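Structural overview for review
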Amino acid sequence: MDKFIINGGKKLSGEVKISGAKNAILPVMTATLLTSGKSIFYNVPNLNDIKMMAHVLRVLGAQVEYADETLTIDTTHADYYEAPYELVSKMRASIYVLGPLLAKKGKARVSFPGGCAIGTRPVDLHINAMEALGAEINVEHGYINAACSQLKGAKIRFEKVSVGATANTLMAAVLAEKTTNLYNVAKEPEIGNLIDCLNQMGANIKGKNTSHLVVTGVSKLHPIEVEMMPDRIEAGTFLIAGALTGSNITITNCIPEHIQALLDRLIQAGCTLNLTEKTINIEPPARILPVDIVTYPYPDFPTDLQAQFMTLMTLANGESRIEDTIFPDRLMHVSELKRLDADISLEKHIAIVQGVRSLSGAKVMATDLRASAALVLAGLAAEGITTISRIYHIDRGYDRIEAKLQKLGADIKRVKG
Ligand code: EPZ
């Protein structure tokens, strides 16, 4: 297994181009199952999660090609409807095939996704929504078995805001009879991107960026050719890299409003930000100020930047409190950050971070995608050498992060395990 070796304490400078958004591309990949033919997607990064989803689609009979950040998916012969345990257990997002398979094939057999390092990951909201649309569902031997000859429009109110359940239900409802009203939906930009793609395929979805979506069922959808939106979490991760190392850097090919909640906190922490429509320049203060954060659904502070922001707070001039209401157990990075001399204590699910003058390099282990990013950030700031093992976690969501950081002047190298 590969490792990163980081010699910390280096100032960064220059520009970094943000890649396409993993969490936008994954549902759009499964949405192609609603069509029959070849769709083409541009600005697609080379990520393990995307390769894994490509494999799931191939198992369902689709042809998937990837080269030069272009992804081609031909669903002409996507005649199968089972997503096996071996794949779903490796990537929860495989559950996104449930809605489109039910809508297009009238049946689906999807392995029950397990939990992961950030907590139990239920799918009850997905299953309840499919049943509301008329699907017969039984769960046995670890599989979700779903069937319905024709889904019918319904009124569905999600008891919790869920990105995945919103995406899956949208992909089921677009071919359902009559009209589906969805309430308390997720408003993340990735959902907006999915709505745009589904409407480009011929769907009729209204209410984008609101909590209430109205889906009028259509009889057929067609393949599309479209460019993917930039990854707001990668953008936030690199901004925090600048803040943490006291470096003036610029990120390009991003959409500032997608991370407004982070930008507000970085300003509270003393950073100066200079924005254009697609770039953000950050000028950090001599010493970062402490800022409390609580994560909530979009447009509030995203759970996927919680670990990275906590790393920033380990060097702040005072105490900060960090709580993740989306995934309360998403704290695997705490023990690893403490190995780098961070001063963090836990009160139930709240992390109390006492800023220190400096972190010191050590051997640490990545546990999940965003915790890995937090450890890379900590290594950039720590004095001395930080070695991070199990970095396959980071390759799931960041395309060659070490190359981008090297371009900014970081002393980081990947050592083949
Ligand atoms: C998506 O996961 C993202 N993954 C996650 O990013 C992200 O952290 C999360 O949304 C929240 O923004 C992808 O887009 C592939 P949820 P998802 O359903 O859809 C509960 C990353 O690092 N819930 O919005 O699984 C759930 O437990 C990943 O890129 C139910 O109770 O998250 C959580 O508390 C990690 N029942 C809350 O809802 C359900 O049926 C929000 O989860 C579904 C979810």
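Since the model is a prediction, treat every value here as computed from it, not as a measurement. (Residues numbered from 1 in each chain as written. Predicted model: local features only at pLDDT ≥ 70, side-chain atom pairs only at ≥ 80, totals over all residues. Heavy atoms only, no water.)

Quick notes on the sheet that holds strand β2 (residues 14-17)
Put simply, the test is: Pairing between strands is defined by DSSP: at least two bridges between the two strands are required. Strands are runs of DSSP state E lasting at least 2 residues, helices are runs of H or I lasting at least 4, and numbering of each runs from the N terminus. In this description, a line fitted to the C-alpha atoms serves as the axis of each element, helices being fitted only across the stretch in contact, and the angle between N-to-C directions of two axes falls anywhere from 0 to 180 degrees. Here, two residues are considered to be in contact whenever any of their heavy atoms come within 4.5 Å of each other.
Sheet architecture is open: four strands sit in the order β2-β15-β17-β16, paired in mixed fashion. Each edge of the sheet is formed by a strand with only one pairing partner; in this case those strands are β2 and β16 (272-275). In this sheet, neighbouring strand axes are inclined to one another by 20 degrees on average, regardless of whether the strands run parallel or antiparallel. With four bridges joining them, strand β15 (residues 249-252) and strand β17 (residues 279-283) adopt antiparallel strand pairing. Residue pairing for β17: Ile251 is matched across the bridge by Ile280. Its contacts with the sheet place helix α9 (residues 260-268) against β16 and β17, and it is angled at close to 140 degrees to β16.

A few points about the site of the ligand
Note the threshold: Whether a residue is near a molecule or strand depends on its heavy atoms: if one lies within 4 Å, it is near. Two N or O atoms count as a polar contact when they lie within 3.5 Å, although within protein this holds only if one can serve as hydrogen donor and the other as acceptor, and sequence-adjacent residues are included solely when both atoms are side-chain atoms. Exposure was quantified through the Shrake-Rupley algorithm and a 1.4 Å probe, taking into account, for residues, occlusion by the shown protein chains and nothing else. Each residue is assigned to one class: nonpolar for Ala, Val, Leu, Ile, Met, Phe, Trp, Tyr, Cys and Pro, charged for Asp, Glu, Lys and Arg, and polar for all the others, Gly among them.
Every one of the 24 residues lining the ligand counts as a neighbour, but Arg92, Asp124, Ser162, Asp304 and Ile326 are closest to it. With respect to the ligand, the side chain of Lys22 contributes an N or O atom lying 3.0 Å from an oxygen atom. Here an oxygen atom of the ligand sits 2.6 Å away from a polar atom, N or O, in the main chain of Ile326. Relative to its unbound accessible surface of 830 Å², the ligand loses 90% to contact with the protein. Elements supplying a minimum of two residues to the shell around the ligand: α1 (22-31), α5 (124-132), α6 (163-173) and α12 (369-381). Counted by class, the shell around the ligand contains eleven nonpolar, five polar and eight charged residues.

So, the pattern of salt bridges
Heads up, the rule is: Salt bridges, as used here, are contacts in which a Lys or Arg side-chain nitrogen is within 4 Å of a carboxyl oxygen on Asp or Glu. The buried label goes to any residue with under 20% of its type's maximum accessible area, the exposed label to any with over 50%, and the partly exposed label to all in between, with areas taken from a 1.4 Å probe on protein chains only.
Throughout the structure, instances matching the rule amount to 13 salt bridges. Here Arg414 makes a salt bridge to Asp2, at a shortest N to O gap of 3.2 Å. Residue Arg414 is located in strand β24 (residues 411-415), and its partner Asp2 is located in the segment before β1 (3-7); the two are separated by 412 residues in the primary sequence. For Asp2, a relative accessible area of 18% translates into the label buried. Between Asp2 and Lys416 there is a salt bridge, and its shortest N-O distance comes to 3.2 Å. On the criterion of sequence distance, the pair formed by Asp2 in the segment before β1 and Lys416 in the segment after β24 is long-range, its members being 414 residues apart. Exposure remark for Lys416: the relative accessible area of 66% places this residue in the exposed category. Put simply, Asp2, Asp395, Glu402, Arg414 and Lys416 are held in one network by salt bridges that share partners.

Overview of the sheet that holds β1
One key point about sheets: their strands pair by backbone hydrogen bonds, in either a parallel or an antiparallel sense. Spatial strand order, β22-β23-β1-β24: four strands in an open sheet with mixed pairing. Because the sheet does not close on itself, it has two edges, and the strands there are β22 (363-365) and β24. Looking at each pair of strands side by side, their axes are set apart by 20 degrees on average, direction ignored. Examined bridge by bridge, β22 and strand β23 (residues 385-389) share three bridges and lie parallel to one another. Among the inter-strand pairings, Val364 is bridged to a residue of β23, identified as Ile388. Those strands touched by α12 are β1, β22, β23 and β24, and its axis lies near 30 degrees from that of β1.

Considering the state of the cysteines
Applicable threshold: Any cysteine sulfur atom paired with another within 2.5 Å is treated as part of a disulfide.
Scanning the entire structure with this criterion turns up zero disulfides. Considering cysteine sulfurs only, Cys254 is the nearest to Cys197, which forms no disulfide, with 20 Å between them. Assessed through its relative accessible area of 2%, Cys197 is described here as buried.

Focus on the packing of α5 against α6
Stated formally: Roughly parallel here means an angle under 35 degrees, roughly antiparallel means over 145, roughly perpendicular means 65 to 115, and every remaining angle is called oblique. Crossing handedness is read from the near helix: turned anticlockwise from the far helix by less than a right angle, it gives a left-handed crossing, and turned clockwise, a right-handed one.
Running from N to C, α5 and α6 point in directions that differ by 25 degrees, and their axes come no closer than 9 Å. As summarised for this structure, α5 and α6 are arranged roughly parallel, according to the angle between their axes. With respect to the hand of their crossing, α5 and α6 are arranged in right-handed fashion. Between α5, through Leu125, His126, Ala129 and Met130, and α6, the contact on the second element is made entirely by Gly164, Ala165, Asn168, Thr169 and Ala172.

Quick look at the packing of helix α4 (residues 98-105) against α6
Relative orientation of the contacting elements α4 and α6 amounts to 10 degrees, with a least axis distance of 7 Å. Compared by their axis directions, α4 and α6 come out roughly parallel. Facing Leu98, Gly99, Pro100 and Ala103 of α4, the residues of α6 in contact are Asn168, Met171 and Ala172. Class assignment of the residues belonging to the contact of α4 with α6 gives a composition of five nonpolar, two polar and no charged.

Brief notes about unusual backbone geometry
With an omega of 15 degrees, the peptide bond between Tyr298 and Pro299 qualifies as cis. Following the sequence through the fold, Pro299 ends up in the loop between β18 (293-295) and α10 (306-313). If you check the backbone angles, Asn184 has positive phi at about 60 degrees while not being a glycine. Inspection of the secondary structure puts Asn184 in the loop between β11 (179-183) and α7 (189-200).

Considerations on the pairing of strand β4 (residues 63-67)
When a strand is regular, its side chains alternate between the sheet's two faces. Sheet topology places β4 next to strand β5 (residues 70-74); five bridges connect them, and they run antiparallel. Residue pairing for β5: Glu65 is matched across the bridge by Thr72. Between β4 and β5, which pair antiparallel and follow one another directly, the connecting turn spans two residues, one of which, Asp68, has a positive phi of 50 degrees.

In short, shape yes, function no, at least from these values alone.
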